[in-house]
Number of protein chains: 2
Amino acid sequence: MELKNNLYTETGWEIFEREYEDEQMVTTGSNYLIGNGYLGYRGTFADWTANEYVACIVTDTYDMADGKWRELCNAPNGLYTRLEVDGERVTINKGEISNYRRGLNLREGLYSEEFTWKGNKGNKVHIETARFASYHNLHLIPFRYSFTVEKEAEITLVTGIDGVVWSLNGEHFKKYDLKKIDKYLAIETVTGERGIQLDVVEGYRLDGATPRFEKIIKEDRKILRELKFKLSPGTRVVLEKVISIYSSNDIKNPLDQAQKDLEKALQSTFTELREKNRANWINFWNRTDIKIKGDLKGQTALRFNLYHNRIATPAHSDRLPIGARGLSCQAYQGAAFWDQEIFNMPMFLYTSPETACNILKYRYHTLDGARKKARKLGYRGAFYAWVSGKTGEELCPSYFFKDVISGRKIHNHFNDWQIHISPDIAYAIWHYFQVTGDWNFIVNYGAEMIFEISRFLYSHAYFKKDKNRFEFIRLLGPDEYHENVDNNAFTNYQAKYTLERALDIYNKMKDENKKELEYLMEKIELTEKEIEDWKEMAELIYLPQPDEETLLIEQFDGYFDLEDTRPDELEKRLLDPGEYWGWPNGVAVETQVTKQADVIQLFCLHNIFSKGVMKANYDYYEPRTQHGSSLSPSAYSIIASQIGYVEEAYSYFIKSCTIDLYNTNKAVSGGTFIGGIHTAACGAAWQMVVFGFAGLKIDNDNLSFNPVLPSKWDEINFPLQYKNNRFNVVITKSQLKVKSSEENKETQKIRYKDDLTEIRPGDEVIIPF
Amino acid sequence: MELKNNLYTETGWEIFEREYEDEQMVTTGSNYLIGNGYLGYRGTFADWTANEYVACIVTDTYDMADGKWRELCNAPNGLYTRLEVDGERVTINKGEISNYRRGLNLREGLYSEEFTWKGNKGNKVHIETARFASYHNLHLIPFRYSFTVEKEAEITLVTGIDGVVWSLNGEHFKKYDLKKIDKYLAIETVTGERGIQLDVVEGYRLDGATPRFEKIIKEDRKILRELKFKLSPGTRVVLEKVISIYSSNDIKNPLDQAQKDLEKALQSTFTELREKNRANWINFWNRTDIKIKGDLKGQTALRFNLYHNRIATPAHSDRLPIGARGLSCQAYQGAAFWDQEIFNMPMFLYTSPETACNILKYRYHTLDGARKKARKLGYRGAFYAWVSGKTGEELCPSYFFKDVISGRKIHNHFNDWQIHISPDIAYAIWHYFQVTGDWNFIVNYGAEMIFEISRFLYSHAYFKKDKNRFEFIRLLGPDEYHENVDNNAFTNYQAKYTLERALDIYNKMKDENKKELEYLMEKIELTEKEIEDWKEMAELIYLPQPDEETLLIEQFDGYFDLEDTRPDELEKRLLDPGEYWGWPNGVAVETQVTKQADVIQLFCLHNIFSKGVMKANYDYYEPRTQHGSSLSPSAYSIIASQIGYVEEAYSYFIKSCTIDLYNTNKAVSGGTFIGGIHTAACGAAWQMVVFGFAGLKIDNDNLSFNPVLPSKWDEINFPLQYKNNRFNVVITKSQLKVKSSEENKETQKIRYKDDLTEIRPGDEVIIPF
Ligand SMILES: [Ca+2]
Ligand SMILES: [Ca+2]
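Residues numbered from 1 in each chain as written. Chains lettered and ligands numbered in written order. Predicted model: local features only at pLDDT ≥ 70, side-chain atom pairs only at ≥ 80, totals over all residues. Heavy atoms only, no water.

Identification of chain A as Kojibiose phosphorylase from Halothermothrix orenii is taken from an unreviewed UniProt entry. The Sequence similarities (unreviewed entry) comment attached to chain A in UniProt states, word for word, "Belongs to the glycosyl hydrolase 65 family." (UniProt positions renumbered as here; feature names shortened; annotations may be inferred.)

This is the structure in structure tokens:
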């Protein structure tokens, strides 16, 4: 079926296009990305170069080239392959193209192209390619490039490594060593700032032709082979390549290891490697996939997002962040934001909790960065970086956007005023504990983080003696258009929640882990007095309450006094379409127009507000929200589901799931490139179904459901893991069916409205509505 | 002597020019202003009109014409007089001018012109004019216009009232009634917003000619007389006019009263009226003048400032503010800023304390406006208006400047973040008490103000539990380029001082005025708990201390982390010369460049810092100060005197005293007209000599001196009033001489360094250095 103009699916497991469109180059490069959490390789043609945004982004290669942005590096492109037929270059935007199909197989993470090319001399070449980023060995990308000709022809096949790659903010490599090692090609690079070695080794096998010779070409930052042979009609030539990539942050001798891995990989055929990778993906989908009946478009869009959430996530490591744009490009510095815990993590938490654990351990390993940031800004404890790379030190520059009218840089305060990142992490830690029951994690990691975050919050807060309450002053909430606000409801509620959990942990450890608690308190020099302080603060922290009459929660102090207007009205006030809407002088600053869900996002995290309150606030804030962030539509979808706005929930679901698929967001704002895959929205896709339509909540160790299905949908069907037990959930318009896996050990209570139902291992319960 | 190009004095009691300069029209209009605290009449030619900025600004006529700025109105111009000789208009910028002299006699507040005009037909006319704003009756301006011709000529003299006046922000009058009443002309106007009636009545006497007839001309907003006669050479024609101005805010029937006053005035000659006025001025100078020997330029500039400080001040009323531009134009809305208490008031306090008392009573009568503002912004007590008119309600618009690059308005926070205005008033109240000993004032007025200000401060402050201190967050200090700062040293010290004085007053009243205290506490619902709170806050308020090594006091939290650059460097970064340098995105915001004295201003008010500290801070802040405010140079002069930088003190003295005289400040900033007389600098002129060079301080009821004279000066000589006793102080390079007036009742102690000397009524002491 056609999803949109020139975008198709057949089964809901793939997306592909039937025509090549040059102007979609940036988008398709991101959308057709393959990856495995270690590297991401953009969906580009084999003969493309830096000009077409070819990139292979590798984790853990943070380096600064322009003195301003530290970002991940793009490795030299080891898949580079160029075909000439009778001296004529076979390429997608020259010649006559037919039988074109290009796209991504989501089920196994496979990118493929197929097309027939007709040149000026009349010969026709049929090309098929496929590649995937291996989950079996994360350092490998196997690639198959095959072709046939209609008439006999002289073939020149150039394949090797092209070191001229796209780089967003300057040249990262101060050195390119072009090497031929044994039968392999390699480029050894060294980054300019930090001296990281990033090496690519390439090997190949050729079937269906015997080149007259192999000529090695070394050009500027390129090492290539030229293979020449005569090809008869009907003979299929198959080039199978594998590239292997290692950096000196992975291993001491990256070049050696890359070569070893490559040698081993080349002992298997592409098909054998692909089968192994396929099995890995099938396992992922078995634990993660959500099946939707009755909506192939929604189904495909959903899987596209789950796919990208997976490949963005360095699940193999507990020391690497999920980039806000994953590994689809260098934008946002390959760094984690609050997106990681609040948007990306929940899918893993309920399906692959070991990955959620790694995500949180990353925050543990970056605790010193957070401590350093807190100290630098005059606070105690842990103030997590707004933009967090390897070490957790703040990567967010103070000057993020620029004023496109004056050309002056803008001092945004994402890094110093947007404090909710810290309690957001505390929230996720507790969420992890709630869902996994992994108390050891809390004892060994979570307690230290939550204590240090509480300490930070205490040192940040101000006490108003005349009002007998703690307040948070000078904040940025999730809605980034309003900087310098006080008592942002979202932040204050998150802070209180954090302090309460700190006290819970302290009390439980005092009972159950006395020694560990003593050790920890000594380690971080935590005093009983501080625990008392947190208790007082948890009690006296100011929480903006729903107004008695209107039920509205004010987003921050004074928000309702701002000009009440709408996003489309502000659009008209722009002097330049590229203007940043926010701080300090953008069109939204003095108005109630919000960039994204803020109070509504609060409802997503805290199940303590009545439906009436949620509805009143939804009705108020929704028309005032610009959705200038990809994090916004999902929150509206989830809350719309919960207040019975089911069709609106669906339309926000589609909006959120198609941000990248339909390329609806702008790639540049305030002069800064912000394109690529919006991984937060990808993670949110799962939440919109499970937290939104299925209405899943953890409620006193019960799995509570509150399902509603959009009119289109006949059924949703998804797996869940809760405290080492696995379940399958099927929701239709008339019933909820939960099956407890045979392997489960515990009986689980399921709540639907006021009814609790017990479900034993291997059993299935059906709750009719 | 020539003061600067085309500006002269003879005795130090006058300023005058010898050539007419068209491009100096705006400046000379302000500098040659006559006034009496009720009205100000700009220094313009009699035949000039709105185009030449003719204006007669009248107090207590606040009205809004453009929906944006409420300002004082300009009355119709009753002095309008035009001369034609043989049909040719006699005017300053046509014809050939000789014998020109125009200027101001400071000793008696008299503006005069004299020149000979030669027309195209060869006749010569010699004109002499004089006018003054009467202190005897504040509603009157007497005017004399006399002329002779060289050859016989046909004269047309047109004189009357021209209602077409300059108005900065729109047309204020919705009605102009042109009237002939008896032999007088009148224009009765009514303002559009508030329906204030503002009436001008004019009468005249003519000597030396008998007009053939008097023709009354009523044109649009003008009522004029045409007088025609033939004039022989050598005959002097003298037109003596008086105008009388009343508004309905002065009296119920302004027109009647104006007519009555006028009739009475016309019973005296111009010379008789002038003598009365002169006597009034002589009395003022006897109480106020500072004589400088050895520096006629400095002497003249100083007197120019004392003169303007007087005429700007509505000493006749305890319900009117001193405008930041006095009555020289409508800029700054004829409203009071902190300038009034900190810059204008001290001269009066030590010379005419009854005027200082009226200034402070104005703040008492506007207490409700301050209470209203505090409530509106979520505070308690009294938050005085940044821009304070009649009622004390906030006149300062939220959008004061505009971004000249984008054309967008700027939301400045002068009105809500610049809280130091309130403790500044408290400071002045206590200063008044210290100097006058007028405890009744404290009991009846001061206590209520200081209590309400303390209450405001308490409700504004935040307590940092982790630091056990009160802080002030999100401020604007005196340096307005840095908005949104925390713990501005100036503000925090002023706040602590206020709370301490509140406690002093409470304790003294508890002892001495128990009933009044009870009454007051009941009236303002003040509790003992609040007194306790203030005590705690006074103890625990955070005061930025001099750094132990550098001795520097940080202007606000984080100031030293800002880019360290200089004003001239920032000048180069301007994209447009008219750009506002401050909030939110101006060139100074992210730098240490300050608009004006801030820490240095703190030293002017609080005599608690060592010379070493003052010196270190002076050396640091001085090169970083742009002096973008006319309030700035005087603070530097005063502190320079105290730390022994005497010649630098002198050069800042000259800079401050000549802001208007030499027209050094720009008249438009960020798109807003801010020209006119800088009355704060006028008041500061007195302080630079008495607090700066003479080093006067009140120190435990002692008059303490620490004199230094600039090398040019041989002697300064000035009167002082302290607690109902009057003194004369003479300082030379080698001695301090203080004489106690014969009429004094008390013995006074004089301190010089560590020595205390008693001086009895009628005695004189000489302290050699
Ligand atoms: Ca709606
Ligand atoms: Ca200097």
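This part takes up the UniProt feature "domain: Glycoside hydrolase family 65 N-terminal" (unreviewed entry) in chain A. Following the UniProt record, one finds the feature "domain: Glycoside hydrolase family 65 N-terminal" (unreviewed entry) at residues 17-248 of chain A. A distance of 38 Å separates the end C-alpha atoms of residues 17-248 of chain A, which is 3% helix and 53% strand. (Helix = DSSP H or I, 4+ residues; strand = E, 2+ residues; numbered from the N terminus.)

Before going further, it helps to spend a moment on the confidence of the model for chain A. Model confidence for chain A is summarised by a mean pLDDT of 96, while 99% of its residues fall at 70 or above. Taken together, the chains of this predicted complex give a pTM of 0.93 and an interface ipTM of 0.90. (pLDDT = per-residue confidence, 0-100.)

A word on unusual backbone geometry. All names here are of chain A. Following tryptophan 583, the chain continues into proline 584 via a peptide bond in cis, with omega recorded as 0°. Take proline 584: it is sitting in the loop between helix H14 (567-573) and helix H15 (599-605). For aspartate 86, which is not glycine, the phi torsion reads 50° and is therefore positive. Mapped onto the elements, aspartate 86 comes out in the loop between strand E9 (81-85) and strand E10 (88-90). Although it is not a glycine, asparagine 700 adopts a positive phi angle of roughly 50°. If you trace the backbone, asparagine 700 turns up in the loop between strand E29 (697-699) and strand E30 (702-705). The exposure class of asparagine 700 is exposed, given its relative accessible area of 67%. (Buried < 20%, exposed > 50% of the residue type's maximum accessible area, 1.4 Å probe, protein only.)

Our next topic: the coordination of the calcium ion (ligand 1). Ideal values differ by geometry: the angle at a metal is 109.5 degrees with four tetrahedral donors, but 90 or 180 degrees with six octahedral donors. Residues and elements named next belong to chain A. Donor atoms from the polypeptide that bind the calcium ion (ligand 1) are Glu622 (OE) and Glu648 (OE), placed at 2.7 to 2.8 Å. Of the two residues, glutamate 622 sits in the loop between helix H16 (611-621) and helix H17 (632-642) while glutamate 648 sits in helix H18 (residues 646-657), which places them 26 residues apart along the sequence. By relative accessible area, glutamate 648 is classed as partly exposed at 29%. (Donors = N, O, S within 2.8 Å, 3.2 Å for Na, K, Ca; no water.)

Our next topic: the domain arrangement of chain A. Residue and element names in this part refer to chain A. Taken domain by domain, chain A comprises domain 1 (14-268), domain 2 (298-693) and domain 3 (702-768). Computed over C-alpha atoms only, the centres of domain 2 and domain 3 are separated by 29 Å. The interface of domain 2 with domain 3 comprises 17 residues on the first partner and 16 residues on the second. On the domain 2 side of the contact with domain 3, Tyr350, Tyr650 and Phe693 bury the most area, a combined 35% of that side's loss. Our count for the domain 2 to domain 3 interface comes out at five residue pairs in polar contact (both at pLDDT 80 or more). For the side of domain 2 that touches domain 3, the secondary structure elements donating two or more residues are helix H9 (421-436), H18 and helix H19 (679-693). Within the side of domain 2 that touches domain 3, the residues separate by chemical class into 11 nonpolar, five polar and one charged. (Domains from an automatic or database assignment. Contact = heavy atoms within 4.5 Å. Buried area = accessible area lost by both parts, 1.4 Å probe. Polar contact = N/O pair within 3.5 Å; in protein donor to acceptor, adjacent residues only side chain to side chain. Nonpolar A, V, L, I, M, F, W, Y, C, P; charged D, E, K, R; others polar.)

All names here are of chain A. Within the UniProt annotation, "active site" (unreviewed entry) is assigned to Glu480. For glutamate 480, the position within the fold is in the loop between strand E26 (469-471) and helix H11 (489-512). Residue glutamate 480 is classed as buried on the basis of its relative accessible area, which comes to 10%. Engagement of the side chain of glutamate 480 in a polar contact is seen with the side chain of glutamine 418, the distance being 3.2 Å.

All names here are of chain B. Counting buried positions along helix H17 (residues 632-642) gives 11 out of 11 residues, so the element sits mostly inside the fold. Residues of H17 that are buried: Ser632, Pro633, Ser634, Ala635, Tyr636, Ser637, Ile638, Ile639, Ala640, Ser641 and Gln642. Structurally, H17 contributes buried residues whose contacts are with helix H5 (339-349), helix H15 (599-605), helix H16 (611-621), helix H18 (646-657), helix H19 (679-693) and strand E29 (697-699). Just downstream of H17, glycine 644 is the residue with a positive phi angle, here 90°.

Now for the sheet that holds strand E6 (residues 56-58) of chain A. Residues and elements named next belong to chain A. Taken in spatial order, the three strands line up as E4-E5-E6 in an open sheet, and their pairing is antiparallel. Sheet topology places strand E4 (34-35) and E6 at the edges, where each strand pairs with a single neighbour. In the sheet, strand E5 (residues 39-41) pairs with E6 via three bridges, with the strands oriented antiparallel. Within E6, the residue paired with leucine 39 across the bridge is valine 58. (Pairing = 2+ DSSP bridges.)

As a further point, take the interface of chain A and chain B. Taken residue by residue, the interface counts 36 residues in chain A and 36 residues in chain B. Between chain A and chain B lies a buried interface of about 2,800 Å² when both sides are counted; carbon and sulfur atoms form 43% of it. Sorting the residues of chain A by area buried against chain B places Arg408, Tyr462 and Lys465 of chain A first, and these three jointly supply 24% of that buried surface. Put simply, chain A and chain B have six salt bridges between them. Aspartate 486 of chain B is the partner of arginine 474 of chain A in a salt bridge, and the nearest nitrogen-oxygen pair spans 2.7 Å. Counting every contact that joins chain A to chain B gives 22 residue pairs in polar contact (both at pLDDT 80 or more). Contributions of two or more residues to the side of chain A that touches chain B are made by strand E24 (409-411), helix H10 (439-460), strand E25 (462-464) and E26 of chain A. (Salt bridge = Lys/Arg side-chain N within 4 Å of Asp/Glu carboxyl O.)

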